[in-house]
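The primary structure of each chain is shown beneath.
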Amino acid sequence: MDVIKTVREMRVYADKQRAEGRTLALVPTMGYLHEGHLSLVQRAKTEADHVIVSIFVNPTQFGPNEDFAAYPRDFETDCRLLEEIGGVDAVFAPEASALYPEGAGAQRVWVICPELSEHLCGKYRPEHFKGVLTVVLKLFAVCKPHISVFGLKDVQQYMLLRQLVRGLLLDVRIIGEPTARESNGLAYSSRNEYLTADERSQASVLWKAVTAAAGMIEDGEDRPDTVVEEMRTIIAQAPLANLQYAEVVTGDTLQPVTKLVPGIEVIVAVAVYFRCVRLIDNAFALVPSG
Ligand code: AMP
């Protein structure tokens, strides 16, 4: 497994693989790898000849009061985990100065997609997706992948990245991989590390809330307000949980639905704080026709 740190080296490497006729998959991550990340890597291996994992804690996607400085990092363990599962050809781990040569604060070109960023996490993290879209475009420009794999746990991010590719005519296929979960349903997340044992056990309410909500919709409930209320009730069963949002949005535009029209696909999603630790989860549901 090659470890590549500079933009120049990464470009030469990607060009060489492409010239030799290999298809490249990129799995972008912020490191502190867990089963969720590894499931993306496994998927990438089935989709391309050559797998690159990027590890980069992107400063521009964190708000001023968020956890950029405290975000967990362990590069050696990440590399060991990737070696252990095998099949990863390269790790791209640039310094911030490599992706933001003038400094992250001096970035003058941004990718934004206001409509899809309006609700869910975008409403509460106003600069977040601007940072994500911009850094992923940079990673695509440097790593030159044919495909790139993302987790559906971050469903708004996934939808935005598909829009990035469509809207800017990028020659990259975006693949969404289902959420990997702990045995109690809690989605794997690098931030689970911050939780106490009690919080970690209570955090299964996110999964319970979104599965119950998706089940209600598929059983014929047609009022989004009732579905949202059910998610609130389930989250409230965890005394340590503080709900940030519970929403039902359309599966394509991510706009809140006022009516569950037969045949449409919707996403039910929640964000919940345990102290300062923010966790998210979601599920898709198909509104039954007739
Ligand atoms: P992060 O390191 O949190 O930026 O995540 C890197 C990638 O892993 C993103 O595409 C995430 O959506 C994905 N991811 C994070 N957690 C999970 C999970 N539990 N299951 C599947 N994918 C995940």
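A. Helix H1 (residues 7-19), seen in detail. The end-to-end C-alpha distance of H1 is 18 Å, a good match for the 18 Å that 13 residues give at a rise of 1.5 Å each. If you check which residues of H1 are buried, you get Val 7, Met 10, Tyr 13, Ala 14 and Gln 17. Along the axis of H1, the buried positions cluster into a sector of 130°, meaning they face one direction only. Those residues of H1 that are exposed and aimed more than 90 degrees away from the buried face are Arg 8, Val 12 and Ala 19. Within two residues after H1, Gly 21 carries a phi angle of roughly 90°, on the positive side.

B. Summary view of the environment of Thr 134. As for its position among the elements, Thr 134 is in helix H7 (residues 128-143). Under the relative-accessibility criterion, Thr 134 is labelled buried at 4%. Spatially, the C-alpha atom of Thr 134 lies 9.6 Å from that of Leu 164, the residues being 30 residues apart in sequence. With residues near it in sequence (within four places) discarded, Thr 134 still touches Gln 107, Val 109, Trp 110 and Val 111. Polar side-chain contacts of Thr 134 include one of 2.7 Å to the backbone oxygen of Lys 130.

C. Fine view of the layout of surface pockets. For the second largest pocket, the calculated volume is near 280 Å³. Per-class residue counts for the lining of the second largest pocket are 10 nonpolar, 1 polar and 5 charged.

D. A look at the sheet that holds strand S9 (residues 277-286). The 3 strands lie next to each other as S7-S8-S9, forming an open sheet whose pairing is antiparallel. Either end of the sheet is taken by a strand with one partner, and the two such strands are strand S7 (241-250) and S9. Averaged over all neighbouring strand pairs, the angle between strand axes comes to 15°, with direction disregarded. Across the sheet, helix H10 (residues 204-218) is in contact with S7, strand S8 (265-274) and S9; its angle to S9 comes to roughly 20°. Its contacts with the sheet place helix H11 (residues 224-236) against S7 and S8, and it is angled at close to 155° to S7.

E. Representation of the pattern of salt bridges in the model. Counted by the stated rule, this structure contains 16 salt bridges. Between Arg 22 and Glu 20 there is a salt bridge, and its shortest N-O distance comes to 2.6 Å. A salt bridge links Arg 173 to Glu 47, with the nearest nitrogen and oxygen atoms 3.0 Å apart. Remark: Glu 47 occurs in helix H2 (residues 35-47) and Arg 173 occurs in strand S6 (residues 173-177); sequence separation between them is 126 residues. Here Arg 173 falls in the partly exposed class, since its relative accessible area comes to 43%.

F. Just the nonpolar core, in detail. Membership of the largest hydrophobic core comes to 45 residues, with the highest contact counts inside it found for Met 10, Phe 92, Leu 99, Val 136, Phe 140 and Ile 174. Elements represented by at least two residues in this core include exactly H1, strand S2 (24-29), strand S4 (90-92), helix H6 (120-124), H7, helix H8 (155-167), S7 and S8. For this core, the element with the highest residue contribution is H7, accounting for 9 residues. Dropping the residues within four chain positions of it, Met 10 is found in contact with Ile 4, Ile 52, Phe 92, Val 142 and Cys 143. Judged by nonpolar contacts, the second largest core, of 31 residues, contains Leu 195, Ala 203, Ala 209 and Leu 260.

G. Structural detail: the sheet that holds strand S5 (residues 147-151). What the 6 strands build is an open sheet, ordered S1-S4-S3-S2-S5-S6; its pairing is parallel. Each edge of the sheet is formed by a strand with only one pairing partner; in this case those strands are strand S1 (2-4) and S6. The average angle at which neighbouring strand axes cross in this sheet is 25°, direction not considered. Two elements, S5 and S6, share 5 bridges in a ladder whose sense is parallel. Residue Gly 151 lies in a different strand from S6, and its bridge partner there is Glu 177. On top of the sheet, H7 reaches S2, strand S3 (50-55), S4, S5 and S6; it is set at about 145° to S2, its chief contact. Strand contacts of H8: S5 and S6, with the helix running at about 170° to S6, the strand carrying the most contacts.

Rules and cut-offs
- Residues numbered from 1 in each chain as written.
- Predicted model: local features only at pLDDT ≥ 70, side-chain atom pairs only at ≥ 80, totals over all residues.
- Heavy atoms only, no water.
- Helix = DSSP H or I, 4+ residues; strand = E, 2+ residues; numbered from the N terminus.
- Expected span 1.5 Å × (residues − 1).
- Buried < 20%, exposed > 50% of the residue type's maximum accessible area, 1.4 Å probe, protein only.
- Arc of directions from axis to C-beta.
- Contact = heavy atoms within 4.5 Å.
- Polar contact = N/O pair within 3.5 Å; in protein donor to acceptor, adjacent residues only side chain to side chain.
- 1 Å grid on protein atoms, 1.4 Å probe; cavity = no way out; pocket = protein on both sides within 12 Å on 5 of 7 lines; lining within 4 Å.
- Points joined across faces, edges and corners; volume = space filled by probe spheres on them.
- Nonpolar A, V, L, I, M, F, W, Y, C, P; charged D, E, K, R; others polar.
- Pairing = 2+ DSSP bridges.
- Axes fitted to C-alpha atoms, helices over the stretch in contact; angles between N-to-C directions.
- Salt bridge = Lys/Arg side-chain N within 4 Å of Asp/Glu carboxyl O.
- Core = buried A, V, L, I, M, F, W, Y, C linked by side-chain atoms within 4.5 Å.

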